[in-house]
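As a plain string of letters, each chain reads:
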Amino acid sequence: MEKKLNIAIVGLGNRGKHCFTELIKERSDCRISALCDVNLHRAKQVAATLDDPAVYTDLKEMISKEQLDGIVITTPDEFHEECAVTALENNINVIIDKPLATTVAGCRNIINAVKNSGKIAMIGFNMRHNPILVKLKQLIDDGVLGRIIMIENSEFYDGGRTYMARWNGRKSSSGGLWIHKGCHDFDMFNWLLGFPMPRKVTAFSGMSVFTPDNYPFELEDGIKPGPSCRECHYYKNGKCPDAAVYDENEWGKEAQACDGYVKDSCMYQSDLSTHDNGIAIVEYENGVRASHSECFVCGKSYRSYNIVGTKAVASARTDGSTIVVDDRFNGERVTYEISRKDGGHGGADPGLVDSFIRAIKGEKVQAATFEEGLISTAIGQAAELSKEQERVVFIKELLGE
Ligand SMILES: NC(=O)c1ccc[n+]([C@@H]2O[C@H](COP(=O)([O-])OP(=O)(O)OC[C@H]3O[C@@H](n4cnc5c(N)ncnc54)[C@H](O)[C@@H]3O)[C@@H](O)[C@H]2O)c1
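## A closer look at the domain arrangement of the chain
No. 1: According to the domain assignment, the chain contains domain 1 (5-126), domain 2 (129-210 + 272-342 + 369-399) and domain 3 (223-269).
No. 2: Taken together, the contact between domain 1 and domain 3 spans 10 residues of the former and nine residues of the latter.
No. 3: Both sides together, the interface formed by domain 1 and domain 3 hides about 780 Å², and carbon and sulfur atoms give 48% of it.
No. 4: The interface formed by domain 1 and domain 3 includes two salt bridges.
No. 5: Here arginine 42 makes a salt bridge to aspartate 259, at a shortest N to O gap of 3.7 Å.
No. 6: There are six residue pairs in polar contact (both at pLDDT 80 or more) connecting domain 1 and domain 3.
No. 7: Among the elements of the structure, α1 (14-25) and α2 (40-47) are those that each provide at least two residues to the side of domain 1 that touches domain 3.
No. 8: Ranked by residues supplied to the side of domain 1 that touches domain 3, first place goes to α2 with four residues.
No. 9: Partitioning the side of domain 1 that touches domain 3 into residue classes produces two nonpolar, six polar and two charged.

Take a look at the structure:
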């Protein structure tokens, strides 16, 4: 019988628990043999749902005591670099959820560790497994659209409650949303286009809504909102339509007592250093231009694409099940029906986890490399810099010649 692979998960918040733990524990070819989270309360809660994994709060200790075939890193972004380098220096295969790291320098440190270890190193660009995007890529590669000249993409994400109430909204933790969130979309551009080098980036972004002068309710005399939703007068009285109170066991007082991590800080008065909407434009060395808009002030979540080629334009939305291709010359429209898959992120998450496990077993799989992770972080970092300094940023400023 095939030996089960021993997998450890580092970071047992939303993604570690609800995506990776759930998907890995269902598999017959591997087991979750160890868990690590700086928050022991959360780690123990996940452990209780599994077959007696060892529980740690320190990655180095876990590595020194366990025989691991692979480590999944789902900590906040600022810790990806340290965790990945530690795992790779100890010759363990890793998958790091996106972004690879919050800076180009951090990505390079990870890449060096990969070169020295020779181990499997994957990045959690799950969108590459989304059936709509896989089909779009196939249409481009088959030449159906002709030579691609332009891509227009936007993301609407009902993510204010997630992003603006905790670490994601702080540049020091996430690198800023052009890196944290935009890295997915910049990777999509790179992947769909066959990895031309990006040349320059410009971005406009700002905070239009999640500020203390935009509470979505009338303030009562002398009653301040917050500091967290759980404690807030306006939440308790049903007046804040934006309140998000998470599971008490995972994120309540007992968990907070371990490390002080509050997941439901008032997003209108958090110490945010990122944007809630913006537009970034990338121009590639081969002349292709791509624009990415992202907006976190909306009640729905989907991405849309218009991909313009010399023969036809393809249009799709990730919450739909069709791709429409309009011919440039004869006006004909072809509609491709795409079967949706079960699983998180439009069926993309199971594909991501499957790739990692099969790669450890030595199978050839579709996987984003760390070099590709570096390029998407570089575009995100350039967008952050462009916004900050109000100028066009050349990628070579970040990557060198
Ligand atoms: N691929 C995707 O579609 C996708 C979607 C959401 C999030 N993500 C990524 O997944 C990662 C986790 O995001 P999340 O929303 O689950 O965060 P989260 O805040 O819900 O959970 C993070 C967990 O990591 C723990 N942690 C913090 N520092 C640690 C350390 N040094 N070592 C071990 N554990 C540590 C925290 O205690 C917490 O339990 C992020 O990198 C995020 O960018 C990817």
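Picking up where we left off.
## Here's the deal with the sheet that holds strand β10 (residues 289-295)
By way of backbone hydrogen bonds, the strands of a sheet pair with one another, either parallel or antiparallel.
No. 1: The sheet built from nine strands is open, its strands ordered β14-β13-β12-β11-β7-β10-β9-β8-β15 with mixed pairing. Edge positions in the open sheet fall to β14 (333-337) and β15 (393-394), since each of these has one partner strand only.
No. 2: Against the sheet, helix α6 (residues 131-141) makes contact with β7 (148-156), β11 (302-309), β12 (312-317), β13 (322-327) and β14, and its axis sits at roughly 25° relative to β13, the strand it touches most.
No. 3: Each of β8 (198-206), β9 (277-284) and β15 is contacted by helix α15 (residues 370-389), which is oriented at about 50° to β8, the strand it contacts most.

## Focus on the environment of glutamate 26
No. 1: Positionally, glutamate 26 belongs in the loop between α1 and β2 (30-36).
No. 2: Sequence spacing of glutamate 26 and glutamate 61 is 35 residues, and the spatial spacing of their C-alpha atoms is 27 Å.

## Observations regarding the pairing of β14
No. 1: As defined by bridge partners, β13 adjoins β14 across five bridges and the pair is classed as antiparallel. The partner of valine 324 across the bridge, within β14, is threonine 335.
No. 2: Adjacent in sequence and paired antiparallel, β13 and β14 are bridged by five residues, among which glycine 331 carries a positive phi angle near 70°.

## Some details on the nonpolar core
No. 1: Core analysis: the largest hydrophobic core is formed by 74 residues, its most contacted members being Met62, Ile71, Ile110 and Phe370.
No. 2: Of the residues forming this core, the biggest block, seven residues, is contributed by α15.
No. 3: Inspection of this core shows a minimum of three residues originating in each of domain 1 (5-126) and domain 2 (129-210 + 272-342 + 369-399).
No. 4: Filtering out sequence-adjacent residues up to four positions away, methionine 62 remains in contact with Ala8, Val10, Ala34, Leu35, Cys36, Tyr56, Leu68 and Ile71.

## Observations regarding the side chain of aspartate 187
No. 1: Mapped onto the elements of the fold, aspartate 187 is located in helix α10 (residues 182-192).
No. 2: Judged by its relative accessible area of 0%, aspartate 187 is buried.
No. 3: Apart from residues no more than four positions distant in its own chain, aspartate 187 is found in contact with Phe125, Arg128, Glu372 and Ser376.

## What to know about the sheet that holds strand β1 (residues 5-10)
No. 1: Spatially, β3-β2-β1-β4-β5-β6 is the arrangement adopted by the six strands of the open sheet, whose pairing is parallel. Two strands bound the open sheet, and with one partner strand each, they are β3 (54-56) and β6 (121-124). For this sheet, the mean angle separating the axes of adjacent strands, direction not counted, is 25°.
No. 2: The sheet strands contacting helix α4 (residues 80-89) are β1, β4 (70-73) and β5 (93-97), and the helix crosses β5 at an angle near 170°.

## Brief notes about the site of the ligand
No. 1: The full set close to the ligand counts 29 residues, and Arg15, Asp37, Asp77, His80 and Tyr261 are the nearest of them.
No. 2: Side-chain polar atom of histidine 180 to an oxygen atom of the ligand: 3.5 Å apart, as the coordinates give it.
No. 3: Here an oxygen atom of the ligand and a side-chain polar atom of tyrosine 261 are 2.5 Å apart.
No. 4: Out of a free accessible area of 860 Å², the ligand has 92% covered by protein chains.
No. 5: Classifying every residue of the shell around the ligand by side-chain character gives eight nonpolar, 12 polar and nine charged.

## Quick word on the state of the cysteines
No. 1: Under the counting rule described, the total for this entry stands at zero disulfides.
No. 2: Cysteine 229 forms no disulfide, and the closest cysteine sulfur to it belongs to cysteine 240, at a distance of 6.3 Å.

## What about the side chain of glutamate 155?
No. 1: Note on placement: glutamate 155 falls in strand β7.
No. 2: We classify glutamate 155 as buried; its relative accessible area is 4%.
No. 3: Not counting chain neighbours up to four residues away, the residues in contact with glutamate 155 comprise Lys181, Asp185, His292, Ser293, Glu294, Cys295, Tyr302 and Arg303.

## Comments concerning the pairing of β13
No. 1: Relative to β13, β12 runs antiparallel, the two sharing five bridges. For valine 313, the partnering residue across the bridge sits in β13 and is aspartate 326.
No. 2: Count of turn residues in the β12/β13 antiparallel hairpin: four residues.

## Focus on the packing of α10 against α15
No. 1: The contact between α10 and α15 brings their axes to 8 Å, and the two run at 120°. When the axes of α10 and α15 are compared, the pair comes out oblique. The hand of the α10/α15 crossing is right-handed. Two secondary-structure elements touch here, α10 through Cys183, Phe186, Asp187 and Asn190 and α15 through Glu372, Ile375, Ser376, Ile379 and Gly380.
No. 2: A per-class count over the contact of α10 with α15 returns four nonpolar, three polar and two charged.

## Here we look at α15
No. 1: Here α15 is 20 residues long and its end C-alpha atoms lie 28 Å apart, about the 28 Å a rise of 1.5 Å per residue gives.
No. 2: Within α15, 14 of the 20 residues are buried, leaving the element largely enclosed by the surrounding structure.
No. 3: Looking one or two places after α15, you find glutamate 390, whose phi comes out positive at around 50°.

Procedures and definitions
Residues numbered from 1 in each chain as written. Predicted model: local features only at pLDDT ≥ 70, side-chain atom pairs only at ≥ 80, totals over all residues. Heavy atoms only, no water. Domains from an automatic or database assignment. Contact = heavy atoms within 4.5 Å. Buried area = accessible area lost by both parts, 1.4 Å probe. Salt bridge = Lys/Arg side-chain N within 4 Å of Asp/Glu carboxyl O. Polar contact = N/O pair within 3.5 Å; in protein donor to acceptor, adjacent residues only side chain to side chain. Helix = DSSP H or I, 4+ residues; strand = E, 2+ residues; numbered from the N terminus. Nonpolar A, V, L, I, M, F, W, Y, C, P; charged D, E, K, R; others polar. Pairing = 2+ DSSP bridges. Axes fitted to C-alpha atoms, helices over the stretch in contact; angles between N-to-C directions. Core = buried A, V, L, I, M, F, W, Y, C linked by side-chain atoms within 4.5 Å. Buried < 20%, exposed > 50% of the residue type's maximum accessible area, 1.4 Å probe, protein only. Near = heavy atom within 4 Å. Areas by Shrake-Rupley, 256 points an atom, 1.4 Å probe, with all protein chains shown as cover. Disulfide = S-S within 2.5 Å. Parallel < 35°, antiparallel > 145°, perpendicular 65-115°, else oblique. Left-handed = near helix turned anticlockwise from the far one by under 90°. Expected span 1.5 Å × (residues − 1).

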